[in-house]
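# What the coordinates show
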Amino acid sequence: MQFRQQALAKLQSPEELDLPVRLARPQGWLALAVTVVVLAAASVWAVTGSVASTVGAPAILTHGQGSYLLQSPVAGQVTAVLARQGQRLPAGAPVVKVRTDRGDAVVRTVAAGRVTTLAAAIGQIIRTGSGVAAVERTAHASDPLYATVYVPAEDAAAIPAHAPVDLTLSSVPAQRYGVLRGEVRSVDRDAQSAQSISAFLGDSQLGEQFTRAGRPVAVLVELDTSRTTKSGYRWSTADGPPFRLDSMTLATASVRLADQHPVDWLLP
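Read on for an overview of the structure. (Residues numbered from 1 in each chain as written. Predicted model: local features only at pLDDT ≥ 70, side-chain atom pairs only at ≥ 80, totals over all residues. Heavy atoms only, no water.)

## Here we look at the overall build of the protein chain
Across its full length, the protein chain holds seven helices and 14 strands. Out of the 268 residues belonging to the protein chain, those deemed buried represent 35%. Considering only residue pairs separated by 6 or more positions, the protein chain has 71% of its internal contacts joining residues 24 or more positions apart. About 16700 Å² of surface is accessible on the protein chain, with carbon and sulfur atoms providing 54% of the total. (Helix = DSSP H or I, 4+ residues; strand = E, 2+ residues; numbered from the N terminus. Buried < 20%, exposed > 50% of the residue type's maximum accessible area, 1.4 Å probe, protein only. Contact = heavy atoms within 4.5 Å. Areas by Shrake-Rupley, 256 points an atom, 1.4 Å probe, with all protein chains shown as cover.)

## Some points on the sheet that holds strand 4 (residues 88-89)
A sheet is described by the order of its strands in space; here four strands give the open sequence 2-9-7-4, paired in antiparallel fashion. Edge positions in the sheet fall to strand 2 (67-71) and strand 4, since each has one partner strand and no second. Bridge count for strand 2 against strand 9 (residues 131-136) is five bridges, and the pairing is antiparallel. Residue pairing for strand 9: Ser67 is matched across the bridge by Glu136. (Pairing = 2+ DSSP bridges.)

## Some points on unusual backbone geometry
Here His162, not a glycine, exhibits a phi torsion of approximately 65 degrees, which is positive. With respect to the element layout, His162 can be found in the loop between helix 3 (153-156) and strand 11 (164-169).

## Observations concerning the packing of aromatic side chains
Counted under the stated rule, the structure contains one aromatic pair. Centre to centre, the rings of Tyr150 and Phe210 are 4.8 Å apart; their planes meet at 20 degrees, and the pair counts as stacked. Taken together, the residues span a long stretch of sequence, with Tyr150 in strand 10 (residues 146-152) and Phe210 in helix 6 (residues 204-210) at a distance of 60 residues. The class for Tyr150 is buried, based on a relative accessible area of 3%. (Phe/Tyr/Trp six-rings, centres within 6.5 Å; stacked < 30°, edge-to-face > 60°.)

## Examining helix 5 (residues 194-201)
One turn of the α-helix equals 3.6 residues, which is why residues spaced by three or four share an orientation. Restricting attention to buried positions, one finds in helix 5 the residues Ala194, Ile197, Ser198 and Leu201. Projected down its long axis, helix 5 carries its buried residues within an arc of 100 degrees, all on one side. Residues of helix 5 that are exposed and point over 90 degrees away from its buried face: Gln195 and Ala199. The inward-facing, buried residues of helix 5 abut strand 1 (54-62), strand 2, strand 10, helix 6 and strand 13 (216-223). Two residues or fewer after helix 5 comes Gly202, characterised by a positive phi angle close to 70 degrees. (Arc of directions from axis to C-beta.)

## Things to note about the sheet that holds strand 8 (residues 125-126)
Taken in spatial order, the four strands make up an open sheet running 6-5-3-8, and their pairing is antiparallel. For this open sheet the edge positions go to strand 6 (103-108) and strand 8, each flanked by a neighbour on one side alone. Bridge count for strand 3 (residues 76-81) against strand 8 is two bridges, and the pairing is antiparallel. By the bridge assignment, Gly76 is partnered in strand 8 with Ile126.

## Section: the nonpolar core
In terms of nonpolar packing, the biggest core is built from 27 residues, with Val149, Leu167, Leu169 and Leu180 touching the most fellow members. Those elements that provide at least two residues to this core are strand 1, strand 10, strand 11, strand 12 (180-191), strand 13 and strand 14 (250-256). With four residues, the top contributor of residues to this core is strand 1. Excluding residues within four positions of it along the chain, Leu180 makes contact with Leu61, Val165, Asp166, Leu167, Leu169, Leu223, Tyr233, Arg234, Trp235 and Leu245. Counting residues in each nonpolar core, the second largest holds 16 residues, with Val96, Val107, Val132 and Ala133 among its members. (Core = buried A, V, L, I, M, F, W, Y, C linked by side-chain atoms within 4.5 Å.)

This is the structure:
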């Protein structure tokens, strides 16, 4: 009977204009406030924020002037090897002696540098133009090392000046000693062919290796120096490896690209 009376009363006054209207519960207001704050923060970040991205690419430690392949100007038999691997030689220094039909000839360095590879051996028969040694162009033993990174051509335009670079060296365990630090010094404008890379590094195999996925762009990276590490360069760890670095060491580089705004991703 009581419920029936309440129902009849509601039918007589269905609008209930005398009762206060409850728009939302306190929990609802709290949820609404949190949603507004999140949307506002997302809008500000979309306009003013940025997203950092990196590109990975093969790299190699070299001196800034690269290397060259010393070729024999004559054909004949190697009778003497006059240099040793790792030796620094001035321009015009003898490297190998070759016996030809016209007598003995000496193959000499074209420019001063360090012999990184000796391809000739005593008794070997060589032809004109055969490579007998790879020589890295260095004037002094204290010349700094650089990293040459071969970045895919489609990513090269997004690399800003002085972009930070992390290098994982093949000869240094990264889990123990960390990565080598550096920054971009210059980016070539033209893509590199296998021949141009081979000429710069003095190694035809490396030219083929760095162009397997297409013609890359060479990025010169200046290594950060340090007076407190054995290698003389800065690492992600405090000390780095307990030895000095050698040129022609292969590495994998992570180059930071120019920051992109999230709103650019949303716009077509």
